Amino acid sequence: MPATEPDIDSRFRAELPSSVKIVLKDEVPVFSMESDVLRNGSFGASFLVLTGSRVIGFEEAVDPVIVSIPEIRNVFTDELFGGGRLMVEKENGEKVSLVHFSRNLISEFAAAARIIEDISEGHEVIFPELEGAAFSASGVPLEERGGRSPLDMPRWKILRRMAGYLAPYKLQIGALMVLTALSVLAQIWTPLLAKKIIDNILKQGEFANSPEPAGDQINKYVIYFGCAFVIIFLTRTSANLLKVWVGGRLIADFRAALHEQIQRLTMAYHNQKESGQLIGRVMSDTAELYQFLIEGAPYLFINLLMFVGIGAILVALHPTLALFVFLPVPFLLGGGGWFWKKLVPLFHKRGNRSNLLYSVLGESVRGVKAVKALGQENRRHKQFTKGNDSLFAVSYRVDGTFAKFFEVMALFMGVGTVSVWYFGGHSILDPNSGFTFGKLVAFVSYMAMFYGPLQWFTAVMNWSTHALTASERIFQVLDQKSEVYDRENAISLPKAKGDISFQNVRFSYNRGKEIIKGVSFDIHSGEMIGLVGKSGAGKSTIINLVCRFYDVDSGSIRIDGHDIRDIKLEDWRRNIGIVMQDPFLFSGTITDNIAYGNPDVNFEEVVRAARAAKAHEFILEKEEGYDTVVGEGGVDLSGGEKQRIAIARAILNDPPVLILDEATSAVDSETEKAIQEAIGNLVKGRTTIAIAHRLATLRNASRLIVIDNGKIIEEGSHETLLAKEDGYFAKLVKLQAENNRMHSARTAYSTDDV
Amino acid sequence: MNSNLKLSRKGDAVFASRNGSPPVEVKLLFARPISARDGQISILDRENKEELAWLNSLDKLDPASQRIARQALDTRYPVSRITSVEHSFVNHGHRYLKVMTNRGFRYFNLKEPGKNVTWLSDDKLVIRDSMGNRFEIESISSLDPESRKNLNLVL
Ligand SMILES: Nc1ncnc2c1ncn2[C@@H]1O[C@H](COP(=O)(O)OP(=O)(O)O)[C@@H](O)[C@H]1O
């Protein structure tokens, strides 16, 4: 019975209510899934059950939707606003929806659609791995259903991970703690010395009957005082240097780990995260953590030591008076907490409003031409003023709250100070109390040390939460699945022959929206294939799969007979040269860019490659020739120039497999000719897959593969496809020719009419 | 002008036919599903995605077609309107809300409110949760005080 198979996601094994079981009678479910939306759109539990003979959409108090398997022609998901529905097309053409679901369950039901389709086509059932968390019918992520909410890592786990990164520096951290403890001790010592000096002058307390001359005593304690300051200076300075070093090292380690991870993350991950977010992880989250490590963490450590040390001394000096010092503590802590709670949302508001104002300002400056052209100066200024005023309003509240905060705190401390002077003063007058003026002065100094940091305690605790969150975000990136670079038993393939074969490949970027729908073709070594089709047909996606930026959902891609997933990733990518429409140039010289990937080649080889890529001449004509700096902050190159640099790069790499994404944009005919020649030089002797737009490329290709809507619809040479009267390609070409005629009537250049 | 457009249903699919031409399967879409759900409807051919008709309002259709259109739109746009915020809390910078909506109870996570909360006016907003589900609040001022307090905690 399948229900006990261990490695199937529990989401395919939903607990069914008894009313479903009545419908099922004694049929055994192949799988059963719970959804969170009813067919009428309300939230609530509904179920999808597949048995050996039929598929059932079920919800309480409504007739079930039942389709028998032989009736199924097609199963698919239909996107709805904020979710979707699983639909079946029957052999008679009727389409019915079985179950509705929210966005939480899109990938689950897309998987279900594939399983049902497989079964209805008589294939064996394979339960795919599901991603992410499982959700209950009300949207709550359910841990026990095998999914963990990706959001909160427990605190102890974060701390444990942090400890792992701290481990290499345990010596330094140990030294740091010892030094810090010493400096705290020295600081706590000073009020005691002051007490000795005062009591000695006034001949009070332990000095009441001392025969030693007061002057000698004073000298002794003043020397001690000096020593204390020297100790404080030395320990604090070295501790500060050490903490900055350890914190800085640690953060550098984090940044390095993040950068390495970002390089290795899958393209799927990169596609769903904005690049800005990742850059933020590397720079601002680590910076936040750094600030906490060098300011916050030592603050907590130092002040904890202080409280304990000073508290003990105060109690020893005068237990009752100590009680008065402690009296305002709960108010200081509580008050600090209360204010902080009020301030945090205000800070956020201020941050948001200030960002908003920045972006308005930024648009006004960068978009000044558009603003002027549209005559919108006044409206923009009004928009700015509105944002500006609301920033002022919240800033006033933040700083006003701060001002109040300090005064209220001072008032609380005043209560302690006043009672200490009152009771302390009276105690000194009472000769039996043993309390001296020196002790009172010590008390007052300790009080300042004691109260000062208290008001910030809550703030720093809060800060520690933020630092933890920052580290959590860092760990989240580090924990992402990276591409499998070194799979065990992976085949090493230093130089591929270049046979590529797609076998019934299916692929979707987002589960639920299949982009490549069962594509098969064979490319032999040295062949040049042109991929043709409308924009959005799936051409670039096929290229992405060849480069293994993504893995197929089902089917396989074989290289020289090996499954692409069995080949070492780095080896395979080294076998491919890619020339994109809009190639990316790294910041560096043109030489660096051509040699990227081959840092050891000599300059002659770079020039040879540039010549073959028809780039040599234009490079020479740049003022700084091959030393011209391009990329971010460098000289701008035209699209045609960039492309030829990329071609030179590919020629230098000499890969057996070449991927070519031809530019659609028209260039002048001279450049066009140069590029065509460059490409001609490049493809010689290589297996080439080109996303082809240009007539020359289409003609030169040994075969064209015409893609539409993720499927191959035609295949053959340029001539045969053109000759096909009613062919898709022939129609596409005719359409394009018309476009071109219209275009060339308006422009000076006439590009080759396809 | 659209009165010669007729909608029909077969199973859960909607078909349109114009001037008695053979019906084609269609999809009814709001042009502005967030800001204007009272009109501006496009009827697309499901196969080739070409627009068959544009309706500024459903009134132009015959009553039967209107009913089908309304139902198709209700199915395609199940909008969640929050009627009360029962609980909210912040944990690790992530905001969680338990809400009652016109569609029933829901518990969700809101990340980065700056990005995922759209204010349509000072009183009306749309929240997108971490999974991309949308929740609307028609009027904050007409929520009960408890809900407003809970909402304030996370926005
Ligand atoms: N990274 C991506 N994530 C999600 N969908 C994508 C992504 N890239 C492309 N698509 C979608 O896949 C389909 C095919 O795109 P593509 O392969 O780029 O087509 P072509 O190269 O033929 O123009 C399009 O519908 C596109 O919107």
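The sections below set out a description of the structure shown in this document. (Residues numbered from 1 in each chain as written. Chains lettered and ligands numbered in written order. Predicted model: local features only at pLDDT ≥ 70, side-chain atom pairs only at ≥ 80, totals over all residues. Heavy atoms only, no water.)

1. Comments concerning the overall build of chain B
Note the threshold: A helix here means a DSSP run of H or I that spans at least four residues, while a strand means a run of E at least two residues long, and both kinds are numbered starting from the N terminus. Throughout, a contact is declared for two residues whenever any of their heavy atoms are within 4.5 Å. Exposure was quantified through the Shrake-Rupley algorithm and a 1.4 Å probe, taking into account, for residues, occlusion by the shown protein chains and nothing else.
Along chain B, the regular secondary structure elements total three helices and 11 strands. Moving toward the C terminus, one meets the helices and strands of chain B in the order β-β-β-β-β-α-β-β-β-α-β-β-β-α. Sequence separation of at least 24 residues holds for 33% of the intrachain contacts in chain B that already meet a minimum separation of 6. For chain B, the computed accessible surface area is about 7,900 Å², with 50% contributed by carbon and sulfur atoms.

2. Examining the nonpolar core
Residues and elements named next belong to chain A. Test applied: The criterion is simple. A nonpolar core is a set of buried Ala, Val, Leu, Ile, Met, Phe, Trp, Tyr and Cys residues joined through side-chain atoms within 4.5 Å. Remark: exposure states derive from per-residue accessible area (1.4 Å probe, protein chains only) relative to the maximum for the residue type, with buried under 20%, exposed over 50%, and partly exposed in between. Note that the domain bounds were set by an automatic or database domain assignment.
Counting 62 residues, the largest nonpolar core has Phe254, Leu289, Val325, Phe443, Tyr446 and Tyr451 as its most contacted members. For this core, the secondary structure elements donating two or more residues are helix H3 (155-166), helix H4 (170-202), helix H5 (214-264), helix H7 (275-317), helix H8 (319-326), helix H9 (329-366), helix H11 (377-429) and helix H12 (437-479). Among the elements that make up this core, the one with the highest residue count is H12 (17 residues). Two domains share this core, each providing at least three of its residues, namely domain 2 (154-318 + 458-481) and domain 3 (320-434). Those residues in contact with Tyr451 that sit more than four places away from it in its chain are Phe324, Val325, Pro328, Leu332, Met413 and Gly416. The next biggest cluster of nonpolar side chains, apart from the first, holds 42 residues, and it includes Ile619, Tyr626, Leu682 and Val683.

3. Some remarks on the pattern of salt bridges
Two side chains bearing opposite charge may form a pair once their charged atoms approach each other closely. Going by this rule: Salt bridges, as used here, are contacts in which a Lys or Arg side-chain nitrogen is within 4 Å of a carboxyl oxygen on Asp or Glu.
Tallied over the entire structure, the rule returns 33 salt bridges over all chains. Across the pair Glu641 of chain A and Lys622 of chain A runs a salt bridge, and its minimum N-O distance is 3.6 Å. Of this pair, Glu641 of chain A sits in helix H18 (residues 639-653) while Lys622 of chain A is found in the loop between helix H17 (616-621) and strand E17 (629-630), placing the two residues 19 residues apart along the sequence. One salt bridge connects Arg46 of chain B with Glu25 of chain B, and the closest N-O pair in it is separated by 3.7 Å. Remark: Glu25 of chain B occurs in strand E3 (residues 24-32) and Arg46 of chain B occurs in the loop between strand E4 (36-45) and strand E5 (51-55); sequence separation between them is 21 residues. Among the charged side chains, a network of salt bridges with common partners joins Asp78, Arg85 and Lys95 of chain A together with Glu25, Arg46 and Arg76 of chain B.

4. A word on the interface of chain A and chain B
As a reminder, the rule being used: Distance and chemistry together define a polar contact, namely a pair of N or O atoms within 3.5 Å, with one atom able to donate a hydrogen and the other to accept it when in protein, and with adjacent residues in sequence counting only for side-chain atoms on both sides. Polar here means any residue other than Ala, Val, Leu, Ile, Met, Phe, Trp, Tyr, Cys and Pro, which are nonpolar, and Asp, Glu, Lys and Arg, which are charged; Gly is therefore polar.
Contacts between the two partners involve 37 residues from chain A, matched on the other side by 34 residues from chain B. The interface formed by chain A and chain B includes four salt bridges. Asp78 of chain A is the salt-bridge partner of Arg76 of chain B, the closest N and O atoms lying 3.0 Å from each other. Linking chain A with chain B are 15 residue pairs in polar contact (both at pLDDT 80 or more), by the criterion used here. The set of elements that each furnish at least two residues to the side of chain A that touches chain B consists of strand E1 (29-37), strand E5 (72-80), strand E6 (83-90), strand E7 (95-102), H3 and H12 of chain A. Taken together, the residues of the side of chain A that touches chain B break down into 13 nonpolar, 13 polar and 11 charged.

5. Quick word on a negative patch on the surface
Residue and element names in this part refer to chain A. For clarity, the threshold we go by: Each patch is built from residues that are more than 30% exposed by relative accessible area and take part in no salt bridge. Like charges join if they lie within 9 Å; nonpolar side chains (Val, Leu, Ile, Met, Phe, Trp, Tyr) join within 5 Å. The charge count treats Lys and Arg as positive and Asp and Glu as negative. His and the chain ends do not count. Taken as the charge centre is NZ of Lys, CZ of Arg, CG of Asp or CD of Glu, depending on the residue.
Together, Asp592, Glu623, Glu624 and Asp627 make up a negatively charged patch on the protein surface. Here Glu623 is to be found in the loop between H17 and E17. Residue class for Glu623 comes out exposed when judged on its relative accessible area of 83%.

6. Structural notes on the site of the ligand
Residue and element names in this part refer to chain A. Basically, it comes down to this: One heavy atom within 4 Å of a molecule or strand makes the whole residue count as near it.
Within the structure, the ligand sits among Asn271, Tyr509, Asn510, Ile515, Lys534, Ser535, Gly536, Ala537, Gly538, Lys539, Ser540 and Thr541. A distance of 2.7 Å is found between an oxygen atom of the ligand and a backbone nitrogen or oxygen belonging to Gly536. Between Ser540 and the ligand, the recorded distance is 2.5 Å, taken from a side-chain N or O atom to an oxygen atom. Look at the ligand: alone it shows 560 Å² of surface, and the protein chains cover 63% of it. Grouping the amino acids of the shell around the ligand by side-chain chemistry returns three nonpolar, seven polar and two charged.

7. Quick look at the sheet that holds strand E11 (residues 514-523) of chain A
Residue and element names in this part refer to chain A. This is how it is decided: Only strands joined by at least two bridges in the DSSP assignment are considered to pair. Here, axes are lines fitted to C-alpha atoms. For helices the fit covers the stretch in contact, and angles between N-to-C directions go from 0 to 180 degrees.
Spatially, E11-E10-E13-E14 is the arrangement adopted by the four strands of the open sheet, whose pairing is antiparallel. The strands lining the two open edges of the sheet, one partner per strand, are E11 and strand E14 (562-563). Here strand E13 (residues 554-559) pairs with E14 via two bridges, running antiparallel. Paired with Ile559 across the strands is His562, a residue of E14. Its contacts with the sheet place helix H13 (residues 539-546) against strand E10 (500-508), E11 and E13, and it is angled at close to 115 degrees to E10.

8. Things to note about helix H3 (residues 145-154) of chain B
Residues and elements named next belong to chain B. To keep it simple, the criterion reads: Along the arc lie the directions from the helix axis toward the C-beta atoms.
Among all positions in H3, only Ser147, Asn150, Leu151 and Val154 are buried. The arc that holds every buried residue of H3, seen down its axis, measures 100 degrees, which confines them to one face. Set apart from the buried face of H3 by more than 90 degrees, the exposed residues are Pro145, Lys149, Asn152 and Leu153.

9. Considerations on the pairing of E5 of chain A
Residues and elements named next belong to chain A. Sheet topology note: the E5/E6 ladder contains eight bridges and is antiparallel. The residue of E6 that forms the bridge with Asp78 is Arg85. Hairpin connection between E5 and E6: a loop of two residues separates the two successive antiparallel strands, and Gly82 in this loop has a positive phi of roughly 75 degrees.

10. A short note on the packing of H11 of chain A against H12 of chain A
All names here are of chain A. Note the cut-off: By definition in this entry, angles of less than 35 degrees are roughly parallel, angles greater than 145 are roughly antiparallel, angles of 65 to 115 are roughly perpendicular, and the rest are oblique. For any helix crossing, the convention is left-handed if the near helix is rotated counterclockwise from the far helix by under a right angle, and right-handed if that rotation is clockwise.
Relative orientation of the contacting elements H11 and H12 amounts to 160 degrees, with a least axis distance of 10 Å. The angle between the axes of H11 and H12 places the two elements in the roughly antiparallel class. When the axes of H11 and H12 are compared, the crossing they make is right-handed. Across the interface between the two elements, Phe402, Phe405, Phe406, Met409, Met413, Gly416, Thr417, Val420, Trp421, Gly424, Gly425 and Ile428 of H11 pack against Phe437, Leu440, Phe443, Val444, Met447, Tyr451, Gln455 and Trp456 of H12. Tallied by class, residues from the contact of H11 with H12 come to 15 nonpolar, five polar and no charged.

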